[in-house]
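Spelled out from the first residue to the last, the chains are:
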Amino acid sequence: MTQGRISANSISVFANMNIFIQLLINGLIAGSIYALVASGFSLIYSTNRFMHFAHGGTITVSAYILLTFFKLAGLNFYLSAILTVISAGILGYLMHAVLYMPLRKRGSSGAILLIASVGLMILLENLMLMIYGADVKSLKFIKIAKGMEIWGAIITPLQLVIIISSVVLLIGMAFFVKKSKLGSTMRAVADNPELAEISGISTSKIQGMSFVIGSAIAGFAAILIGLEQNIEPTMGLSLIIKGFTGAIIGGVTSLPGSIVGSYLLGLVENFGIWYLPSGYKDAISFVLLFVFLLWRPTGIFGINKGIKK
Amino acid sequence: MLTGYLYNILIFSGIYAILTVSLNMAVGFTGLLNLGHVAFFGIGAYTSTLLTMNGVPYIVSLIVAGLVSSVFGVILMYAVRKLKGDYLALATLGFSFVVYSVMLNWSSLTRGPLGIPGIPKPELFGWTINTTSEYLVFTLIVATVSIYIINRITTSRYGKLLEAVRDDEVGLSVYGKPIFSLKVRSLAISAFFAGIAGSLFAHHITFIDPSSFYINDLVLLLTIVLVGGLANNKGVIIATVIIMLIPEALRFVDMPSSILGPARQMIYAIVLIGILLFKPRGLFGRIDLE
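Per chain, residues are indexed from 1 in the order of the written sequence. For this description, chains carry letters from A and ligands carry numbers from 1, given in the order in which they are written. Reporting of local features is limited, given that this is a predicted model, to residues whose pLDDT is at least 70; pairs of side-chain atoms are given and counted only at 80 or more, and all residues count toward the totals for whole chains, interfaces and linings. Remark: hydrogens and water are excluded; side-chain values derive from all non-hydrogen atoms of the structure.

Some details on the overall build of chain B
Consideration 1: What chain B contains, in helices and strands, is 13 helices and two strands.
Consideration 2: Here the C-alpha radius of gyration of chain B, 18 Å, is about what a compact globule of 290 residues would show, namely 19 Å.
Consideration 3: Each principal axis of the C-alpha distribution contributes one length, and for chain B these read about 55 × 45 × 35 Å.
Consideration 4: Between buried and exposed lies partly exposed: a residue is buried under 20% and exposed over 50% of the maximum accessible area for its type, with that area taken using a 1.4 Å probe on protein chains only. The buried share of chain B, reckoned over its 290 residues, is 57%.
Consideration 5: Areas reported as accessible are Shrake-Rupley estimates using a 1.4 Å probe. Residue values count occlusion only from the protein chains shown. When the accessible surface of chain B is summed, it comes to about 11700 Å², and 68% of that surface belongs to carbon and sulfur atoms. Numbered from the N terminus, helices here are DSSP runs of H or I no shorter than four residues, and strands are runs of E no shorter than two. For the radius of gyration, the atom set is restricted to C-alpha positions; the globular benchmark scales as 2.2 Å times the number of residues to the power 0.38.

Below you can see the structure in the form of structure tokens.
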């Protein structure tokens, strides 16, 4: 009698354990994608000091560029992927040179740059909608593989690749910002643009460089998302909202902060649907974004670089 | 056929004129860069729809739609009271996202992405507004009254106080003026009329879904206000008509509707970016966007 009850309990504990690990893995996959989006966004924010909302547009356009090279032009996938990352970098630079630089020269505030960026986002989204149509496209590069089982949770090889490659890229980027010459110059511009300018650093050049690097990372993110999910014109908007929610949670001016914030967001979102219907996944991140903006705009790490005066 | 088409454009112009003039009151006059105006528009549309479909008389629904939006305006202003500049803009944009996802997910109330079809035409004191021409008359009356009220407020002494909030908060506080309460009232009034516009919109097209109250429409509203010029009601009304008419020219070019929709949005976005780049004061603006 007593024994029966104990075993029934332990089964339910086991089932919960499996759900727990599955949600943990799903959270890590989502977090990896968000972290890629957020790290590029945060790199651009830290040197440029404005919210580059059209970063989501870069992702959408990159995904369609990959689709064009790989499916329509019939190129080799890895070549297409490299071309996509390069095009994303060029696109980022163009945004900086054609739109943001002239606006900055007029002395536009961060709020104006944000509005321009929202306009640019809508422009890119609708351009893709016009060229490729509203229907969902798929790369179909990787055949749907049977998932592996890890402690009762399912993960596909592609998802494993997503997590590993994101982590490698993010660690590489953290090293780049911390150790390389260009990285430390970027940090100098982020810390104090006027002082950097006086010390002979060309601020606008460094700002342009962060656009190139940040957007190239967005291009890389677009490849992973294109493989894992479908490609559609609206994909960039939801991703940038996730990306900058992650960045704001961790502290937008700090690269490690925004990476940690993004993984937290991925986990909170996925564990949230344990209690809420899965439709509320997006709502969770919107609410988090709103709450953090209101009560802790410097993020959980409280990194304050010019956010509050 | 052609008159019906023309009437439709005019009805939309009327609805958008209320929306943009009320947005201008917050952004242009009071200097609150509010990117949550579409959310108030949506809240008004859903409130009015749900009330009339549950048997509440139209005139009551219309007013309550405005009031509910207004209450959300007060709540939003209380929430963002410490933020300024791009953080204020981002938080209000976040508010739009939150409201959008609630509309999308609270299916038992809003039917989620399916939207609500079959919204009844308004009935006022026994007069059912059925035809497009009647609806045009009704819209123009509501729009005229709304814009008249907003214009009276913004040109009055009170309006000068709002402009002082925008130009010099510290200076104004020296005179002992309640800055925060001025901001709250300004956003509440602005949101009230956005709610009224939402009601007009819902009962005109008789179908609403969350996608009508999202970032695409936000870009349209910002474009109109910036083209017309901040803190200039007349300019904004003229800009509304111009911006509503521009994409109509596309209709006469032979284009499939799958291209027409995106093309229209692209025009709005290009006009928005162009005005920020080349003529930040708009056509008739008096002040710069901070």
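From this point, the narrative continues.
Structural notes on the nonpolar core
Consideration 1: The definition of a nonpolar core used throughout is a set of buried Ala, Val, Leu, Ile, Met, Phe, Trp, Tyr and Cys residues joined through side-chain atoms within 4.5 Å. Phe53, Tyr100 and Leu120 of chain A together with Ile208 of chain B are the most contacted members of the largest nonpolar core, which has 186 residues in total.
Consideration 2: Ranked by residue count, the leading element in this core is helix α4 (residues 110-132) of chain A, at 14 residues.
Consideration 3: Working rule for contacts: check all heavy atoms of both residues, and any pair within 4.5 Å makes them a contact. Ignoring anything within four residues of it in the chain, the contact list for Phe53 of chain A reads Phe41, Leu114, Ser117, Val118, Met121, Leu237, Ile240 and Phe244 of chain A together with Leu93, Phe97 and Ile215 of chain B.
Consideration 4: Judged by nonpolar contacts, the second largest core, of six residues, contains Ile21, Ala153, Ile155 and Ile163 of chain A.

Structural notes on the interface of chain B and chain A
Consideration 1: With 41 residues of chain B at the interface, the matching set in chain A holds 40 residues.
Consideration 2: In total, about 3600 Å² of surface goes out of reach between chain B and chain A, with carbon and sulfur atoms giving 81% of it.
Consideration 3: Just to be clear on terms, a salt bridge is a Lys or Arg side-chain nitrogen sitting within 4 Å of an Asp or Glu carboxyl oxygen. Counting across the chain B and chain A interface gives zero salt bridges.
Consideration 4: In protein, a polar contact requires one atom able to donate a hydrogen and another able to accept it; more generally it is a pair of N or O atoms within 3.5 Å, and residues adjacent in sequence count only if both atoms are side-chain atoms. Between chain B and chain A we count one residue pair in polar contact (both at pLDDT 80 or more) in total.
Consideration 5: At the level of elements, α3 (58-79), α4 (85-105), α10 (215-228) and α13 (257-278) of chain B are the ones that each hand at least two residues to the side of chain B that touches chain A.
Consideration 6: Looking at the side of chain B that touches chain A, the element that brings in the most residues is α4 of chain B, giving 13 residues.
Consideration 7: For this classification, Asp, Glu, Lys and Arg are treated as charged, while Ala, Val, Leu, Ile, Met, Phe, Trp, Tyr, Cys and Pro are nonpolar and the rest, including Gly, are polar. Partitioned by chemical class, the residues of the side of chain B that touches chain A number 33 nonpolar, six polar and two charged. Using a 1.4 Å probe, buried area is obtained as the accessible area two parts lose upon being combined, added over both of them.

Digging into empty space enclosed by the protein
Where empty space is left can be seen by rolling a probe of water-molecule size over the atoms.
Consideration 1: Site definitions follow a grid-based scheme: protein atoms alone, a 1 Å grid, a 1.4 Å probe that fits but cannot get out for cavities, and for pockets an open set with protein on both sides within 12 Å along at least five of seven lines, plus lining residues having an atom within 4 Å of a point. Grid points are joined across faces, edges and corners, and a volume is the space filled by probe spheres set on the points. Overall, the coordinates contain two cavities of 30 Å³ or more when judged by the stated rule.
Consideration 2: Each pocket or cavity is described by its volume, and for the largest cavity that value is around 40 Å³.
Consideration 3: Looking at the largest cavity, the residues that line it are Leu32, Leu33, Asn34, Leu76, Met77, Val80, Leu88, Thr92 and Leu187 of chain B.
Consideration 4: When contributions to the lining of the largest cavity are tallied by element, the ones reaching two or more residues are α3 and α4 of chain B.
Consideration 5: Grouping the constituent residues of the lining of the largest cavity by class yields seven nonpolar, two polar and no charged.
Consideration 6: One number sums up the size of the second largest cavity: a volume of about 30 Å³.
Consideration 7: Residue lining of the second largest cavity: Ile115 of chain A together with Leu23, Val27, Leu33, Leu222, Val225, Leu226 and Leu230 of chain B, and that is the complete set.
Consideration 8: For the lining of the second largest cavity, the secondary structure elements donating two or more residues are α1 (2-29) and α10 of chain B.
Consideration 9: With three residues, the top contributor of residues to the lining of the second largest cavity is α10 of chain B.
Consideration 10: In terms of residue class, the lining of the second largest cavity is made up of eight nonpolar, no polar and no charged.

Purely geometric stuff here, so don't read any function into it on its own.
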